[in-house]
Amino acid sequence: MSLFVTFEGPEGSGKSTQARLLYESLHARRYPVILTREPGGTRIGDLIRRIVLDLQHTEMAPTTETLLFSAARAQLVSEVIRPYLEQGGIVVCDRYADSTYAYQGYGLGRDLAELRMITAAATGGLRPDITFYLDISAEAGLERKRRRHAGVRPTGQRSVEQEEWNRLDARELEYHKRVEAGYRELIAQDPERWRVLDARQSIEALAEQIAAIIEPYLASIPRLEAVP
Ligand SMILES: Nc1ncnc2c1ncn2[C@@H]1O[C@H](COP(=O)(O)OP(=O)(O)O)[C@@H](O)[C@H]1O
Ligand SMILES: [Mg+2]
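Reading the values: rules and limits
Residues numbered from 1 in each chain as written. Chains lettered and ligands numbered in written order. Predicted model: local features only at pLDDT ≥ 70, side-chain atom pairs only at ≥ 80, totals over all residues. Heavy atoms only, no water. Near = heavy atom within 4 Å. Polar contact = N/O pair within 3.5 Å; in protein donor to acceptor, adjacent residues only side chain to side chain. Areas by Shrake-Rupley, 256 points an atom, 1.4 Å probe, with all protein chains shown as cover. Nonpolar A, V, L, I, M, F, W, Y, C, P; charged D, E, K, R; others polar. Helix = DSSP H or I, 4+ residues; strand = E, 2+ residues; numbered from the N terminus. Contact = heavy atoms within 4.5 Å. Phe/Tyr/Trp six-rings, centres within 6.5 Å; stacked < 30°, edge-to-face > 60°. Buried < 20%, exposed > 50% of the residue type's maximum accessible area, 1.4 Å probe, protein only. Lys NZ or Arg CZ within 6 Å of the ring centre and 35° of its normal. Pairing = 2+ DSSP bridges. Axes fitted to C-alpha atoms, helices over the stretch in contact; angles between N-to-C directions. Expected span 1.5 Å × (residues − 1). Parallel < 35°, antiparallel > 145°, perpendicular 65-115°, else oblique. Left-handed = near helix turned anticlockwise from the far one by under 90°. Salt bridge = Lys/Arg side-chain N within 4 Å of Asp/Glu carboxyl O.

Undergrad: For the site of ligand 1, give the residues involved together with the corresponding values.
TA: Around ligand 1 sit 17 residues, and of these G12, K15, S16, T17 and Q201 come closest. A distance of 2.7 Å is found between an oxygen atom of ligand 1 and a side-chain nitrogen or oxygen belonging to K15. Within the side chain of T17, a nitrogen or oxygen atom sits 2.5 Å from an oxygen atom of ligand 1. For ligand 1, whose unbound accessible area comes to 560 Å², protein coverage reaches 94%. Its residues placed into classes, the shell around ligand 1 shows four nonpolar, eight polar and five charged.

In structure tokens form, the structure reads like this:
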């Protein structure tokens, strides 16, 4: 058995924070686990990430954007995610295909049937076992991210990776609201897979809830041997 866990939600909702905390707690307990992110997570994917998120690339056509995200995903699935799952490991991924449906589909108005075909090609049909949705309004999430971007950080909170304010963040609030509504539709279409958590809670409270949801799935994952 293996376990594929993804994190979704608006920017600033705490995905990277919680993905890292989950990875760290599983790693500390000697579970075979890797942490990765989209777009990126591979050498080729990180190069694509730079192109797709660059604020200067204002001329990028929506189709280009969609295909670049999908290309990065194809590389990540084939190079990292699928091989690790095939070995029986746990993969924690910060964003995955649902982000394409939410951002390029509902956000940019791309045809969802077409996105499903592109995604099927990119992933070979690989779907997460569990997807956490960190639920916060687009405004509140962007405000958290903007504040961090401005260098003002609420005290007592861990910062994860220094993420730049990127080309997608800079789109208008209406776009982000369509994304949020899109996520609600995706959740309604596949309620078994999604776990919706109130992202306004403390980092620690969220991490506890996520750990509790993951726990039953761990029974089928053998831990790594201690190195003598
Ligand atoms: N539960 C939380 N409460 C308050 N601030 C948080 C919480 N989770 C994350 N943050 C802060 O919000 C910002 C965005 O978090 P991050 O994990 O990078 O979000 P995302 O990856 O979803 O964009 C960071 O400064 C982080 O420290
Ligand atoms: Mg992040």
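Undergrad: Kindly report on the side chain of N166, identifying the contributing residues and their values.
TA: One can find N166 in the loop between α6 (138-149) and α7 (173-189). At 2.8 Å, the side chain of N166 and the backbone nitrogen of L168 are in polar contact. Excluding its chain neighbours within four sequence positions, the residues that come into contact with N166 are L53, L55 and K145.

Undergrad: Go over the packing of aromatic side chains with me, naming the residues and quoting the values.
TA: Under the definition given, this model contains seven aromatic pairs. On the basis of an interplanar angle of 80° and a centroid distance of 4.9 Å, the ring pair of F4 and Y96 is categorised as edge-to-face. Within this pair, whereas F4 is found in strand β1 (residues 3-8), its partner Y96 is found in the loop between β3 (90-94) and α4 (97-107), the two being separated by 92 residues in sequence. Both residues of the pair, F4 and Y96, count as buried. An aromatic cluster is present here, built from Y103, Y133, Y175, Y183 and W194 joined pairwise through their rings. One cation-aromatic arrangement involves R73 over Y96; the distance from NZ or CZ to the ring centre is 5.9 Å. Sitting over the face of the ring of Y175, R171 holds its NZ or CZ atom 4.9 Å from the ring centroid.

Undergrad: Which residues make up the sheet that holds strand β5 (residues 194-198), and what are the values?
TA: Pairing in this open sheet of five strands is parallel, and the strands run β2-β3-β1-β4-β5 from one edge to the other. Because the sheet does not close on itself, it has two edges, and the strands there are β2 (33-37) and β5. This sheet shows a mean twist of 20° between the axes of neighbouring strands, independent of strand direction. In the packing of α7 onto the sheet, contacts are made with β1, β4 (130-135) and β5, and the angle to β4 comes to roughly 145°. Relative to β5, helix α8 (residues 203-214) is tilted by about 160°, and along the sheet it contacts β1, β4 and β5.

Undergrad: Describe α7, naming the residues involved and giving the relevant values.
TA: In this model, α7 (17 residues) spans 25 Å end to end at C-alpha, consistent with the 24 Å of a helix rising 1.5 Å per residue. Looking at the buried residues of α7, the elements they touch are β1, α4, β4, α6 and β5.

Undergrad: Break down the packing of helix α3 (residues 62-86) against helix α5 (residues 112-123) for me, with residues and values.
TA: Packing of α3 against α5 brings their axes to within 8 Å, and their N-to-C directions diverge by 30°. Classed by the angle they form, the pair α3 and α5 counts as roughly parallel. Here α3 runs over α5; the crossing is right-handed. Within the contact between the two elements, α3 uses T66, L67, S70, R73, A74, V77 and R82 and α5 uses L115, I118, T119, A122 and T123. The class makeup of the residues in the contact of α3 with α5 is six nonpolar, four polar and two charged.

Undergrad: Provide a residue-level description of the pattern of salt bridges, including the pertinent values.
TA: Applying the stated criterion to the full structure yields 18 salt bridges. E24 is paired through a salt bridge with R20; the nearest N and O atoms lie 3.9 Å apart. Here R20 and E24 lie together in helix α1 (residues 15-28), a separation of four residues that amounts to about one turn. Connected through salt bridges with shared partners, the residues E8, E11, K15, R95 and K145 form a single ionic network.

Undergrad: How would you sum up the environment of S13? Please name residues and give values.
TA: Inspection of the secondary structure assignment puts S13 in the loop between β1 and α1. Judged by relative accessible area, S13 falls into the buried class, the value being 1%.

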